[in-house]
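Close look at the chain arrangement
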Amino acid sequence: MSDHAGTVLGIDIGGTKMAAAMVSADGRIVTADRIATPAGGADDVFAALTELIGRVQRDAGSAVGGSVGGGSAVAAPLAVGIGSAGPLDQEHGLVSPVNIAGWRNFPLVDRVRELVGDVPVTLGVDGHCFALGEFWTGAGRDVSSLLGIVVSTGVGAGIVIDGQPMIGQSGNAAHLGHVVVDLDGEACACGSYGCVETYASGPRMVARAKRRGWRSTEEVDAAVLSADAAGGDEIALAVFDDGAQALAAGIVATAVTVDLTTVVIGGGVAKAGPVLFDPVQRWVKRLAQLPFVADLTVEPAQLDNAGLIGAARLGWDLLPPASTAHRSGSAQG
């Protein structure tokens, strides 16, 4: 059997980009592509996703030959796993990402199934997929449980316990970005206040720094803020420390709730490196005082595409054991 004959389609959908890949049973990406998430109505966004999926299937199919209906070679997946920004309705396959205005209760699972044929299709929160991807083939492949966090335009998360993603009753578990860490904090987009995301997301850190006088008249982003922090800018360093403290509070609250000791952080803001990780680790050490979290460790993600790999893993988990015999039984690839 060729690599392409046994692949699952993984899809990763966010407000900035959409990505798709054909992924083998050992977590290896066979073909992949991505596009910017377009603005527009529901059908406009899905049309772009349709083209992306078709391109990835054709790229995989062209490597093994054959054709469908006399047209271009297309690789048919055994299943499909989708990771999407939330919130979502996992039971009914609906998504309403806060950062994709055109999709409100959009029937994503049904629409994707119409594209790829009668194969199993599943849906999960993008943060869950990130955590599952890092657990399967990335920084968490040697542990049984972990907390994965994505720090970018928002703060998402997912938890894996004993090899299984913690999904929750509605499919929206582990929204660490909306854990309240400051009772007198700023208003959050979710409607609450003092959430981790209000301190640690890239845009909120930039806004806070500007209010303190940092590059207040310039069009800048979190990458510029992190570069200035690395260069010793006092305002930038202070803002990163605030964000790190909020992240650490959310991390420790989660760790003492579900009893885990491994944390993996990825996303655009995490590319700041020591500017973020050094204060996070310092604050975690200060806040994690109970003995069972005394060894709590925080490390950077190892994968550039953990969300895609984790989404594909959701798809693989839909299949009977005979379809996944060559995958590691421990799910650690």
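Summarised in this report is the structure supplied together with it. Here the structure is a predicted model, which means the values were calculated and not measured.

What follows deals with the nonpolar core. One broad trend across soluble globular proteins is that nonpolar side chains are buried collectively. Ile 149 and Ile 265 are the most contacted members of the largest nonpolar core, which totals 41 residues. Contributing elements (two or more residues each) for this core: strand 8 (146-151), strand 9 (155-161), helix 4 (196-200), helix 5 (202-211), helix 6 (222-230), helix 7 (234-258), strand 11 (262-266) and helix 8 (274-287). Considering every element that reaches this core, the biggest residue donor is helix 7, with 9 residues. With near-sequence residues (within four places) excluded, Ile 265 lies in contact with Phe 130, Ile 149, Val 151, Ile 251, Ala 270, Phe 277, Val 280, Val 298, Glu 299, Pro 300 and Ala 301. Counting 31 residues, the second largest nonpolar core, distinct from the first, contains Leu 9, Ile 13, Leu 52 and Val 112.

Let us now look at the pattern of salt bridges. One pass over the structure, following the stated rule, counts 14 salt bridges. With a shortest N-O distance of 2.9 Å, Arg 204 and Glu 186 are connected by a salt bridge. A residue pair is termed long-range when its members are at least 10 positions apart, and Arg 204 in helix 5 and Glu 186 in the loop between strand 10 (164-165) and helix 4 qualify at 18 residues. With a relative accessible area of 24%, Arg 204 lands in the partly exposed category. Its relative accessible area of 24% is what places Glu 186 among the partly exposed residues. Across the pair Asp 241 and Arg 282 runs a salt bridge whose closest N-O atoms are separated by 2.5 Å. Of the two residues, Asp 241 sits in helix 7 while Arg 282 sits in helix 8, which places them 41 residues apart along the sequence.

Quick look at helix 6 now. Within the sequence span of helix 6, burial applies to Ala 222, Leu 225, Ser 226, Asp 228 and Ala 229. Around the axis of helix 6, the buried residues are gathered within 160° of arc, so they sit on the same side. Exposed side chains of helix 6 directed beyond 90 degrees from the buried face belong to Ala 223 and Ala 230. The inward-facing, buried residues of helix 6 contact helix 5, helix 7 and helix 8. The backbone nitrogen of Ala 223 has a side-chain oxygen 3.1 Å away, supplied by the residue at the start of helix 6, namely Asp 221. Gly 232 lies just past helix 6 and shows a positive phi near 100°.

What follows deals with a nonpolar patch on the surface. On the surface, Val 180, Leu 183 and Tyr 193 cluster together into a nonpolar patch covering about 320 Å² of accessible area. With respect to the secondary-structure elements, Tyr 193 resides in the loop between strand 10 and helix 4.

Strand order in this open sheet of 5 strands is 3-2-1-4-7, and the pairing throughout is mixed. In this open sheet, the two edge strands, each paired with only one partner strand, are strand 3 (29-36) and strand 7 (121-125). Adjacent strand axes in the sheet meet at a mean angle of 15° when their direction is disregarded. Bridge count for strand 4 (residues 80-84) against strand 7 is 5 bridges, and the pairing is parallel. Across the sheet, residue Gly 81 finds its bridge partner in strand 7, namely Thr 122.

Reading the values: the criteria
Residues numbered from 1 in each chain as written. Predicted model: local features only at pLDDT ≥ 70, side-chain atom pairs only at ≥ 80, totals over all residues. Heavy atoms only, no water. Core = buried A, V, L, I, M, F, W, Y, C linked by side-chain atoms within 4.5 Å. Buried < 20%, exposed > 50% of the residue type's maximum accessible area, 1.4 Å probe, protein only. Helix = DSSP H or I, 4+ residues; strand = E, 2+ residues; numbered from the N terminus. Contact = heavy atoms within 4.5 Å. Salt bridge = Lys/Arg side-chain N within 4 Å of Asp/Glu carboxyl O. Arc of directions from axis to C-beta. Polar contact = N/O pair within 3.5 Å; in protein donor to acceptor, adjacent residues only side chain to side chain. Patch = residues over 30% accessible without salt bridge, like charges linked within 9 Å, V, L, I, M, F, W, Y side chains within 5 Å. Areas by Shrake-Rupley, 256 points an atom, 1.4 Å probe, with all protein chains shown as cover. Pairing = 2+ DSSP bridges. Axes fitted to C-alpha atoms, helices over the stretch in contact; angles between N-to-C directions.

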